[in-house]
Amino acid sequence: MSMTVPGWHCQALEHGLVAQRLVRLTDYQRLNGCLPEVTAADEDELWILCDAQTRLAERVAVAETARKLP
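What comes next is a walk through the structure. Here the structure is a predicted model, which is why all the values come from computation and not from measurement.

As summarised here, the arrangement of the three strands in space is β1-β2-β3, forming an open sheet in which the pairing is antiparallel. Two strands in the sheet have a free side with no partner beyond their single neighbour: β1 (8-13) and β3 (37-40). Across the sheet, the axes of successive neighbouring strands diverge by a mean angle of 20°, strand direction being ignored. Across six bridges, β1 lies against strand β2 (residues 16-21) in antiparallel orientation.

With that settled, consider the environment of Gln 20. Structurally, Gln 20 is set in strand β2. Between the C-alpha atom of Gln 20 and that of Ala 57, which follows or precedes it by 37 residues, the distance is 14 Å. In this structure Gln 20 touches Gly 7, Trp 8, His 9, Gln 11, Pro 36 and Glu 37, once residues within four positions along its chain are discounted. One polar contact links Gln 20 to Glu 37, side chain to side chain, over a distance of 3.3 Å.

Right, let's talk about a negative patch on the surface for a bit. A cluster of acidic residues, Asp 42, Glu 43, Asp 44 and Glu 45, forms a negative patch at the surface. By the secondary structure assignment, Glu 45 is in helix α2 (residues 43-68).

Time to look at α2. Between the first and last C-alpha of α2 there are 37 Å, a value that for 26 residues agrees with the 38 Å anticipated at 1.5 Å per step. Of the residues making up α2, those classed as buried are Leu 46, Cys 50, Gln 53, Ala 57, Val 60 and Glu 64. Residues of α2 that are buried sit in contact with β1, β2, α1 (27-31) and β3. Its side-chain oxygen 3.2 Å from the backbone nitrogen of Asp 44, Asp 42 forms the N-cap of α2.

So, about the pattern of salt bridges. The tally for this structure, following the rule as stated, stands at two salt bridges. Salt-bridge contacts for Arg 30 lead to Asp 27; the nearest nitrogen and oxygen are separated by 2.2 Å. Of this pair, Arg 30 and Asp 27 are both found in helix α1, three residues apart, which corresponds to roughly one turn of the helix. Measuring nitrogen to oxygen at the nearest pair gives 3.0 Å for the salt bridge that ties Asp 51 to Arg 55. A residue pair is termed a helical-turn pair when its members lie 3 or 4 positions apart in one helix, as Asp 51 and Arg 55 do in helix α2 at four residues. Classification of Asp 51 by relative accessible area gives partly exposed; the value is 23%. Taking the relative accessible area as the measure of exposure, Arg 55 reaches 52% and is therefore exposed.

So, how was this worked out
Residues numbered from 1 in each chain as written. Predicted model: local features only at pLDDT ≥ 70, side-chain atom pairs only at ≥ 80, totals over all residues. Heavy atoms only, no water. Pairing = 2+ DSSP bridges. Helix = DSSP H or I, 4+ residues; strand = E, 2+ residues; numbered from the N terminus. Axes fitted to C-alpha atoms, helices over the stretch in contact; angles between N-to-C directions. Contact = heavy atoms within 4.5 Å. Polar contact = N/O pair within 3.5 Å; in protein donor to acceptor, adjacent residues only side chain to side chain. Patch = residues over 30% accessible without salt bridge, like charges linked within 9 Å, V, L, I, M, F, W, Y side chains within 5 Å. Areas by Shrake-Rupley, 256 points an atom, 1.4 Å probe, with all protein chains shown as cover. Salt bridge = Lys/Arg side-chain N within 4 Å of Asp/Glu carboxyl O. Lys, Arg positive; Asp, Glu negative; His and termini not counted. Charge placed at Lys NZ, Arg CZ, Asp CG, Glu CD. Expected span 1.5 Å × (residues − 1). Buried < 20%, exposed > 50% of the residue type's maximum accessible area, 1.4 Å probe, protein only.

Have a look at this one:
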């Protein structure tokens, strides 16, 4: 598999594709729906899932920062 997605390690498995984040999520991000790993049937689906999860993690990180402010 030659697919690369920034911030993710992608690999082919027997029954599809899997991608794991290269950066560890915070507890807050995990509690708010961010996943450390996604699976998909094909490269298009995997790219969309990784992109969605990356955007979600970015937005949740902003919320986490705002939550810490007085």
